[in-house]
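As a plain string of letters, each chain reads:
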Amino acid sequence: MKTEKKHTHAAMLTKDDLQAAYRWMYLSRRTEEAMVELHQHTPVTELPHAGIGQEATMVGSCFMLRQSDQVMPAHRSRGVFLVKGISSRHMMAGAYGKDIPYVRGKNTSHHLGSVELGVVTGTGCIGSQFPLAVGFALGLKLQGRDDVMICYCGDGATNRGDFHESMNLAAINDLPVIFLVENNHYAISMSVEKSMRIKDISIRASGYGMHGVTVDGNDFFAVYEATQEAVERARKGGGPSLVECKTYRHKAHSERDPRDLRPPEEVQAWLEKDPIPRMRKYLLEHGCATQKQLDEIDKSVVAEVEDAVEYAKQCPYPPAEILTTNVYAQ
C-alpha cells in the first residue's frame, strides 16, 4: 500500500476546473437531499441510499475522465452519474419511477446505464458488479482501446468472494480496471473494525500483485490524484489498481430504516470533516474563487434541483409492458 503524495495531477487543474468540481459536489448533495425529503412524503418511490457526505470521493474519482471511459457506480454513487453526464432532471425523474431514458422506471442507483455516456448498468446485488466490470475491462483490452473502467463499491463488498476472484482475474490479465472503494466504515450497521482485521482495505491489493493506495475520501484533491494515477497506469498497460477512499455517510444506511446505530460522537466528528465546506474553504483561501462566485454556483445548483423536481413531476410513468425489459434476455 502507498500513502498520499504530492498532487501533481491536481496541480494541473485550472480555477474553472476547480469551480466545476465544487459545483458537481454541491449538485450531488442538493439532489440527494431533495430525494430524501421527497421520499419521506411519497413522491420519490425509489428508496434512497444517500451518499451525502461522500461527494469528494464520488466527484474526485471520475472528474476529467474521457466520455469513452467506463464507470460502474454503486448504490451510493449518484455524483458519479451526474459527472458522467446523466442530467439532474433524469436522475430525479428516475427516482420518481418515471419513464425516462436509461432506466425506464427501474431503480436508478442500480439499473441506470448509458452506452453513450460510459455508464455501465449495474445490478441490485451487492458485489455482483465486480465480475461484470472485469469482463468489461477485458473487452476494452481486446478491442485495443486505452480507455479504463472504474468499478465502485463499499467497504462491506470487499469481503465477498467475487471481489477477490475479480481482483485476481484483473491482475493476471493486466486489465484496465480500477476498484474504487468508498469506505464509509459501515456495511449497513457493521463497522469495518468488526468485519476485518486490517486497517486499510488497500493492503488487499498486494495479495494480487496490483497497486493499492488509501486516501482521505473527504479530500477532493487526494481522491482525484490517486484516481488519475491509477487511470494513467491502466492506459499505459500497467494493469488494475485498488483505490480506497476513507469517507463517511452523514445519514443512516437508507431511508427505509432511518435509525442510526453509529456512536453519536463519531457521527459528529465526521460531520466536522464535511467535504463540501472543506472544498469551499480551499477555493477561497487559494484564490480559486470569490465568495460571490461560490454563492452564484450555490444559487444555480438550487435552481437546477428545483427544475429537476418539477420536470420529474411532469414525466409520465412507464407502461406496464416494459416491466421485464432489460431483466430477461430476448
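Residues numbered from 1 in each chain as written. Predicted model: local features only at pLDDT ≥ 70, side-chain atom pairs only at ≥ 80, totals over all residues. Heavy atoms only, no water.

Draft legend 1. Highlighting the pairing of strand 2 (residues 149-154). Along strand 2, 5 of the 6 residues are buried, which leaves the element largely enclosed by surrounding structure. Relative to strand 2, strand 1 (residues 70-72) runs parallel, the two being bridged by 3 bridges. Residue Val71 lies in a different strand from strand 2, and its bridge partner there is Ile150. As paired elements, strand 2 and strand 3 (residues 177-183) share 6 bridges and run parallel to each other. In the strand pairing of strand 3, Gly154 is matched with Glu182. Remark: the strand 2/helix 7 (residues 161-172)/strand 3 crossover connection has right-handed handedness. (Buried < 20%, exposed > 50% of the residue type's maximum accessible area, 1.4 Å probe, protein only. Helix = DSSP H or I, 4+ residues; strand = E, 2+ residues; numbered from the N terminus. Pairing = 2+ DSSP bridges. Right-handed = clockwise from strand over helix to strand, strands pointing away.)

Draft legend 2. Spatial organisation of the side chain of Ser254. Following the sequence through the fold, Ser254 ends up in the loop between strand 7 (241-246) and helix 10 (264-271). At 3.2 Å, the side chain of Ser254 forms a polar contact with the backbone nitrogen of Arg256. Beyond its immediate sequence surroundings of up to four residues, Ser254 is in contact with Leu47, Pro48 and His49. (Polar contact = N/O pair within 3.5 Å; in protein donor to acceptor, adjacent residues only side chain to side chain. Contact = heavy atoms within 4.5 Å.)

Draft legend 3. Looking closely at the pairing of strand 6 (residues 211-216). The buried count for strand 6 comes to 5 of 6 residues, which makes it a mostly enclosed element. In this structure, strand 6 lies alongside strand 7, joined through 6 bridges in parallel fashion. Residue pairing in the sheet places Val215 in a bridge with Cys245 of strand 7. With respect to chirality, the unit in which strand 6 leads through helix 9 (residues 220-235) into the neighbouring parallel strand 7 is right-handed.

Draft legend 4. Spotlight on the packing of aromatic side chains. Evaluation of the coordinates by the stated rule reveals 11 aromatic pairs. Ring centres 6.2 Å apart and planes at 5° place the aromatic pair Tyr22 and Tyr26 in the stacked group. On the criterion of helical spacing, the pair formed by Tyr22 and Tyr26 is a turn pair, its members being 4 residues apart in helix 1 (residues 15-39). Tyr26 shares its class with Tyr22; the two are buried. Note on Phe220 and Tyr224: the rings are 5.9 Å apart at their centroids and 15° apart in plane angle, and the pair reads as stacked. Note that Phe220 and Tyr224 are positioned in helix 9 at a spacing of 4 residues, about one turn of the helix. Here the two residues Phe220 and Tyr224 agree in accessibility, since each one is buried. The structure contains a cluster of three or more aromatic residues connected by ring pairs, namely Phe63, Phe220, Phe221, Tyr224 and Tyr282. Between the NZ or CZ atom of Lys98 and the centre of the ring of Tyr317, over which it lies, the distance is 4.8 Å. Sitting over the face of the ring of Trp270, Lys273 holds its NZ or CZ atom 4.3 Å from the ring centroid. (Phe/Tyr/Trp six-rings, centres within 6.5 Å; stacked < 30°, edge-to-face > 60°. Lys NZ or Arg CZ within 6 Å of the ring centre and 35° of its normal.)

Draft legend 5. Representation of the environment of Glu229. Inspection of the secondary structure puts Glu229 in helix 9. A sequence separation of 39 residues divides Glu229 from Met190, and the C-alpha atoms of the two residues are 31 Å apart.

Draft legend 6. The side chain of Asp274, seen in detail. Considering the arrangement of structural elements, one finds Asp274 in the loop between helix 10 and helix 11 (275-285). In terms of polar contacts, Asp274 uses its side chain to reach the backbone amide nitrogen of Ile276, at 3.0 Å.

Draft legend 7. Geometry of helix 6 (residues 129-142). The end-to-end C-alpha distance of helix 6 is 20 Å, a good match for the 20 Å that 14 residues give at a rise of 1.5 Å each. Residues of helix 6 that are buried include every one of Gln129, Phe130, Ala133, Val134, Ala137 and Leu140, and no others. Take helix 6 and look down its axis: the buried residues cluster within an arc of 130°, on one side only. Residues of helix 6 that are buried sit in contact with strand 1, strand 2, helix 7 and strand 3. Among the residues trailing helix 6, Gly144 stands out with phi positive, at a value near 75°. (Expected span 1.5 Å × (residues − 1). Arc of directions from axis to C-beta.)

Draft legend 8. Seen up close, helix 4 (residues 88-95). Where burial is concerned, most of helix 4 is hidden: 7 out of the 8 residues are buried. What helix 4 keeps buried is the set Ser88, His90, Met91, Met92, Ala93, Gly94 and Ala95. Contact partners of the buried residues in helix 4: helix 1, helix 3 (78-84), helix 5 (108-111) and helix 12 (291-314). Gly97 occupies a position one or two residues after helix 4 and carries a positive phi of about 80°.

Draft legend 9. View of the sheet that holds strand 2. Taken together, the 5 strands give an open sheet; going across it, the order is 1-2-3-7-6, and neighbouring strands pair in parallel fashion. Only two strands of the sheet have a single neighbouring strand rather than two, namely strand 1 and strand 6. Taken pair by pair, the neighbouring strands of this sheet meet at an average axis angle of 20°, ignoring direction. (Axes fitted to C-alpha atoms, helices over the stretch in contact; angles between N-to-C directions.)

Draft legend 10. Highlighting the packing of helix 1 against helix 11. Where helix 1 contacts helix 11, the axes come no closer than 10 Å and their chain directions differ by 160°. Judged by the angle between their axes, helix 1 and helix 11 are roughly antiparallel. With respect to the hand of their crossing, helix 1 and helix 11 are arranged in left-handed fashion. Here Leu18, Ala21, Tyr22, Met25, Tyr26 and Arg29 of helix 1 come into contact with helix 11, specifically with Pro275, Ile276, Met279, Arg280, Tyr282 and Leu283. Looking at the contact of helix 1 with helix 11 residue by residue, the classes come out as 10 nonpolar, no polar and 2 charged. (Parallel < 35°, antiparallel > 145°, perpendicular 65-115°, else oblique. Left-handed = near helix turned anticlockwise from the far one by under 90°. Nonpolar A, V, L, I, M, F, W, Y, C, P; charged D, E, K, R; others polar.)

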